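# Notes for the structure review
Residue-level listing of the chains:
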Amino acid sequence: MGELAPGELASGRRKIRVAVVFGGRSTEHAISCASAGLVLSAIDPDRYDVLPIGITTDGRWVLTSGDPARLALSGGPLPSVDSVAVTGAEITPRTDLGEVDLVLPLLHGAYGEDGTLQGLLEMTGTKYAGAGVFASAAGMDKEYMKLILAARGLPVGRYVVVHDRQWRDGSGDAGERKRVLDDIAELGWPVFVKPARGGSSIGIRRVDGPGDPLTDAIDAARAHDPKVLVEAAVDGMEVECAVLEGLDGGPPEASVPGQVLVDAQSEFYDFEAKYLASAATMAIPAPLPPEAADQIRRLACAAFDAISCEGLARVDFFYTPAGQVLVNEINTMPGMTPASGFPMMWAATGLPLPQLVDRIIQTALHKRSGLRLPPVPGVGPGGLGLDPTAGGVQGMPSAVVAARWALLGPRLVAVDESLEVGAGPELGHRGLRHLDGRARGRVAGGAGWTLALLEDAEPGDGYLVTTRDGRLDRFEHRVHGFGRGFLVPQPSRDRVDQITLIHVHSCASPTGRVGSDSRDHDL
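Structure report, in brief. (Residues numbered from 1 in each chain as written. Predicted model: local features only at pLDDT ≥ 70, side-chain atom pairs only at ≥ 80, totals over all residues. Heavy atoms only, no water.)

## With respect to the overall build of the protein chain
Basically, it comes down to this: Think of it this way: any DSSP run of H or I at least four residues long counts as a helix, any run of E at least two long counts as a strand, and we number them from the N terminus. Accessible area is worked out with a 1.4 Å probe on protein chains only. A residue is then buried under 20% of its type maximum, exposed over 50%, and partly exposed in between. Here, residues are in contact when the closest pair of their heavy atoms is within 4.5 Å. Accessible areas in this description were obtained via Shrake-Rupley with a 1.4 Å probe; residue shielding takes into account the shown protein chains only.
Counting its secondary structure elements, the protein chain contains 13 helices and 25 strands. When burial is assessed residue by residue, the protein chain has 51% of its 523 residues classed as buried. Put simply, of all contacts in the protein chain between residues at least 6 apart along the chain, 67% involve residues at least 24 apart. Looking at the protein chain as shown, the accessible area adds up to about 23100 Å², and 51% of this sits on carbon and sulfur atoms.

## Considering unusual backbone geometry
A cis amide bond links Trp189 with the next residue in sequence, Pro190, at an omega value of 0°. Tracing the chain through its elements places Pro190 in the loop between α7 (175-185) and β7 (191-195). A cis amide bond, omega 0°, links Ile284 with the succeeding residue Pro285.

## Details of helix α3 (residues 116-124)
All buried positions along α3 are accounted for by Leu117, Gln118, Gly119, Leu121 and Glu122. On its buried face, α3 is in contact with β3 (61-64), β5 (102-105) and α4 (133-140). At the C-terminal side of α3, Gly125 shows a positive phi close to 70°.

## Details of the sheet that holds strand β6 (residues 159-162)
Short version of the rule: Only strands joined by at least two bridges in the DSSP assignment are considered to pair. In this analysis, axes come from line fits to C-alpha atoms, helices being fitted only over the stretch in contact, and the angle between any two N-to-C directions falls in the range 0 to 180 degrees.
Read across the sheet, four strands follow the order β6-β9-β7-β8 without closing on themselves; strand pairing throughout is antiparallel. Across the chains shown, the open sheet's two edge strands, defined by having one partner strand only, are β6 and β8 (205-207). Sheet twist, expressed as the mean angle between neighbouring strand axes with direction ignored, is 25°. Where β7 lies against strand β9 (residues 228-232), five bridges are found, and the strand directions are antiparallel. Its bridge partner being in β9, Lys194 is matched across the sheet by Leu229. Strands β6, β7 and β9 of the sheet are contacted by helix α5 (residues 142-151), whose axis makes an angle of about 140° with β6.

## Notes on the pairing of strand β10 (residues 237-244)
Among the eight residues in β10, seven count as buried, and that is most of the element. Bridge analysis of β10 against strand β11 (residues 253-254) gives two bridges, and the strand direction is antiparallel. In the sheet register, Val243 faces β11, and the bridge partner there is Ala254.

## What to know about the packing of helix α1 (residues 29-42) against helix α12 (residues 353-365)
Which entries qualify depends on this criterion: Note that the term roughly parallel is reserved for angles under 35 degrees, roughly antiparallel for angles over 145, roughly perpendicular for angles of 65 to 115, and oblique for everything else. Here the term charged refers only to Asp, Glu, Lys and Arg, the term nonpolar to Ala, Val, Leu, Ile, Met, Phe, Trp, Tyr, Cys and Pro, and the term polar to all other amino acids, Gly among them.
Packing of α1 against α12 brings their axes to within 9 Å, and their N-to-C directions diverge by 100°. The angle between the axes of α1 and α12 places the two elements in the roughly perpendicular class. Listed contacts from α12 to Leu38, Val39 and Ala42 of α1 are Leu353, Pro354 and Val357. Residue composition of the contact of α1 with α12, grouped by class: six nonpolar, no polar and no charged.

## Considerations on the packing of helix α11 (residues 341-349) against α12
Their axes nearest at 9 Å, the elements α11 and α12 cross at an angle of 110°. Judged by the inter-axis angle, α11 sits roughly perpendicular to α12. Every residue of α12 that contacts α11 at Phe342, Pro343 and Trp346 is listed here: Leu353, Leu356 and Ile360. Along the lines of polarity and charge, the residues of the contact of α11 with α12 split into six nonpolar, no polar and no charged.

Here is the structure:
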């Protein structure tokens, strides 16, 4: 037997290709790199074909070394994407992620954990792990996170939000700054001042009284975010709890809680105490009464659901001497460094790091791309001569039609409707990109772009639609199941009753008539 090609399994099926994206433009760049280092050391190379992609601090996407040791936090310089970038290997995410099965976005903070990267991946139809656009944005903005948690009945601490126009010199009522300072004073002392949309304890200061220390702390936080959160200090134990999305659509699951241990040299749990301290940073399980530990696990899952989180999260709490539990915040892409609580708490719960990473990946792979909802039948205008504002196709909202058309442009050729698939056996997983066992999971016939790739089911035979050399390919690639991309299924439990095949191409249809190549085929 000859050697296996890169990315190929012994069974002939190719490995699942996962892009581990890390770094980013935020102040948490180094922590993201360290998270990637730990995950790269744990991901199963026999199952996954890993593509390490770094985002530099100036926003460039580059291929990087996959050596975990070069991304570790140590006593030397903090890790960075530039230090592990492959020379001359800059990529374009819109086009170069096309052959990736899943993106694992290990970015923390702005431009990565806040919904911006998630929105990009949604627009390109790329599957990704973790929270979606809304949950990412809500989890990043601590003002709205607390509003949502409180609206769902979860106990949160007292806080004051300092908005840009209330603090900026020369903007509006001169008395606004005084009113903000008065509101902060009513919280009592000490308080903690932090950027409203930040993490890893960067930009946070403890303030013990009014005056210059408070205004200096607000100005320092504003260097990271024009919106600032001021929180009342809570006398109590700091506790964290890790959450994973439930299996097979079940409820979320919470780890055993852990207690945050602050180094005696640190005033509070700041960046150095979290990531650079030599002593242990957590006691797992946390020394809590059993009923308090159970309450924290329930509240962690409730917070996860409150912001419609997906994949994974870490929820932080305070446990007071009086036995009160307060939710402090939720992190939708928690740190995954060796010193981070998220992997340590799951390991203590019985889920070691390799299995934890595998579960995160597999949970995401079982979702559809885009908004992770069943695809909407119909397509945009163009080949069908439709007006994108005229009400849509088959009841599709006009906004969706316009969005689809913006992506497809003049490439749309035709739509085949009413292609019947008879009832058959129950849906069963057949592996990603299964093509009836032919071509080792790749498209036969030299096709260059797969538009409708079927997976995960076998209620009957279907057809794979591709383009080749800028022209529409014929219906020659038989496959099983219902699928993804631009193949739109209408499944009902264990059968697929109807599918719509959407054909696109680069230049002209085989008949030379754009928009007139619609044909019905029995399957």
